[in-house]
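Here's the letter readout for the chains.
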Amino acid sequence: MRVVFLGAPGVGKGTQAEQLAAQYQVAKISTGDLLREAVRNQTELGREAKNYMDQGQLVPDAVVIGLVREKLSDVSCANGFVLDGFPRTVPQAEELGKALASKAMALDRVVNFQVSREDVVRRLSGRRSCPKCQATFHMDFAKPKVEGFCDRCGESLVQRSDDRREAIETRLKVYDEQTAPLVRYYEERKLLSPVDASGAVDVVFQHLSQVLMPYRMR
Ligand code: AMP
């Protein structure tokens, strides 16, 4: 199973990718997670990416393409992969196509998660995460047992710097301008499948599993 998850920030791609990876034993490649890890570890790449991320802008194509190429060569991808948050621009999609072709591979499906703009803003602005173990919560939909603290490790929860209102606006604008054209791009290549992502996590996962059913066995 080789799939790409497309959709605006806040549609729940990360949560679905995690479940899919666990259930079907495929690798989850999340460029957002990889970049945040680089920022935490203060690597050169992390220092370069941080300002773009805090402002809600995209990190330059060359940086993320390099990251993904490296991950795709991992043995953990042998059983398949789900790309969460990549590609986000047409040049990234083109580079992904080339990288896969060079390994005699191709994408099976591109899933386009759809949620209203109002819901996306509500999901992003209520999101909180644990700076220690990276668990995520939501102030309305996935509350921690003790308000403000991580269920898993007890650390105080924080808001991602790019989940502040100003950054959310920028991220949605960037999505409309740079990422939304990928819907057409993959539609033209007959790879796109829409999934209604407005419901609860389990309901969305059921829809997703149906769409990906033909690609489960390889
Ligand atoms: P995410 O967790 O997917 O919302 O990503 C968080 C931030 O990481 C984005 O707002 C971008 O600054 C950066 N980022 C993640 N994936 C990409 C990508 N494919 N291209 C450029 N920037 C990215």
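Check the entry above for the structure.
Each value, and the rule that gives it
- Residues numbered from 1 in each chain as written.
- Predicted model: local features only at pLDDT ≥ 70, side-chain atom pairs only at ≥ 80, totals over all residues.
- Heavy atoms only, no water.
- 1 Å grid on protein atoms, 1.4 Å probe; cavity = no way out; pocket = protein on both sides within 12 Å on 5 of 7 lines; lining within 4 Å.
- Points joined across faces, edges and corners; volume = space filled by probe spheres on them.
- Helix = DSSP H or I, 4+ residues; strand = E, 2+ residues; numbered from the N terminus.
- Pairing = 2+ DSSP bridges.
- Axes fitted to C-alpha atoms, helices over the stretch in contact; angles between N-to-C directions.
- Buried < 20%, exposed > 50% of the residue type's maximum accessible area, 1.4 Å probe, protein only.
- Arc of directions from axis to C-beta.
- Phe/Tyr/Trp six-rings, centres within 6.5 Å; stacked < 30°, edge-to-face > 60°.
- Lys NZ or Arg CZ within 6 Å of the ring centre and 35° of its normal.
- Near = heavy atom within 4 Å.
- Polar contact = N/O pair within 3.5 Å; in protein donor to acceptor, adjacent residues only side chain to side chain.
- Parallel < 35°, antiparallel > 145°, perpendicular 65-115°, else oblique.
- Left-handed = near helix turned anticlockwise from the far one by under 90°.
- Contact = heavy atoms within 4.5 Å.
- Nonpolar A, V, L, I, M, F, W, Y, C, P; charged D, E, K, R; others polar.

Caption draft 1: Looking closely at empty space enclosed by the protein. Overall, the coordinates contain 1 cavity of 30 Å³ or more when judged by the stated rule. The space that makes up the largest cavity amounts to roughly 30 Å³. Considering the residues around the largest cavity, the lining is formed by Ile-65, Val-68, Arg-69, Leu-72, Phe-86, Glu-95, Leu-96 and Ala-99. The element that contributes the greatest number of residues to the lining of the largest cavity is helix H4 (residues 61-72), accounting for 4 residues.

Caption draft 2: Representation of the sheet that holds strand E7 (residues 192-196) in the model. Taken in spatial order, the 5 strands line up as E2-E3-E1-E4-E7 in an open sheet, and their pairing is parallel. Two strands bound the open sheet, and with one partner strand each, they are strand E2 (27-30) and E7. Pairs of neighbouring strands in the sheet enclose a mean axial angle of 25°, with direction left out of account. Bridge analysis of strand E1 (residues 2-6) against strand E3 (residues 81-84) gives 4 bridges, and the strand direction is parallel.

Caption draft 3: Spatial organisation of helix H3 (residues 44-55). Every buried residue of H3 is accounted for by Gly-46, Ala-49 and Met-53. An end-on view of H3 places all buried positions within 75° of arc, on one side of the element. Turned more than 90 degrees away from the buried face of H3 sit Glu-44, Arg-47 and Asn-51, all of them exposed. Count one or two residues on from H3 and you reach Gly-56, which has phi positive near 85°.

Caption draft 4: Here's a closer look at the packing of aromatic side chains. With the rule as written, the count across this model stands at 2 aromatic pairs. Centroid distance Phe-5 to Phe-113: 4.8 Å. Interplanar angle 75°. Geometry classified as edge-to-face. One end of the pair, Phe-5, is in strand E1; the other, Phe-113, is in strand E4 (residues 109-114), and 108 residues separate them in sequence. Judged by its relative accessible area of 1%, Phe-5 is buried. Just above the ring of Tyr-185 sits the side chain of Arg-189; from NZ or CZ to the centre is 3.6 Å.

Caption draft 5: Region of interest: the site of the ligand. Near the ligand lie 16 residues; those nearest to it are Thr-31, Arg-36, Gln-57, Arg-88 and Gln-92. In the environment of the ligand, a nitrogen atom lies 2.9 Å from a nitrogen or oxygen atom belonging to the backbone of Gly-85. Between the ligand and the protein, one listed contact pairs a nitrogen atom with a side-chain N or O atom of Arg-88 at 2.9 Å. The element best represented in the shell around the ligand is helix H2 (residues 31-40), accounting for 4 residues.

Caption draft 6: Layout of the pairing of E3. Taking every second residue as pointing to the same face, both faces of E3 are buried, with Phe-81 and Leu-83 on one and Val-82 and Asp-84 on the other. The pairing of E2 with E3 spans 4 bridges and is classified as parallel. In the sheet register, Ser-30 faces E3, and the bridge partner there is Asp-84.

Caption draft 7: The packing of helix H1 (residues 13-24) against helix H9 (residues 201-212), seen in detail. Between H1 and H9, whose axes approach to 10 Å, the crossing angle comes to 55°. It follows that H1 is oblique to H9 by the angle criterion. Crossing hand, H1 versus H9: right-handed. Seen from H1, the contacting residues are Thr-15, Gln-16, Gln-19, Leu-20, Gln-23 and Tyr-24; seen from H9, they are Val-201, Asp-202, Val-204, Phe-205, Leu-208, Ser-209 and Leu-212. Residue composition of the contact of H1 with H9, by class: 7 nonpolar, 5 polar and 1 charged.

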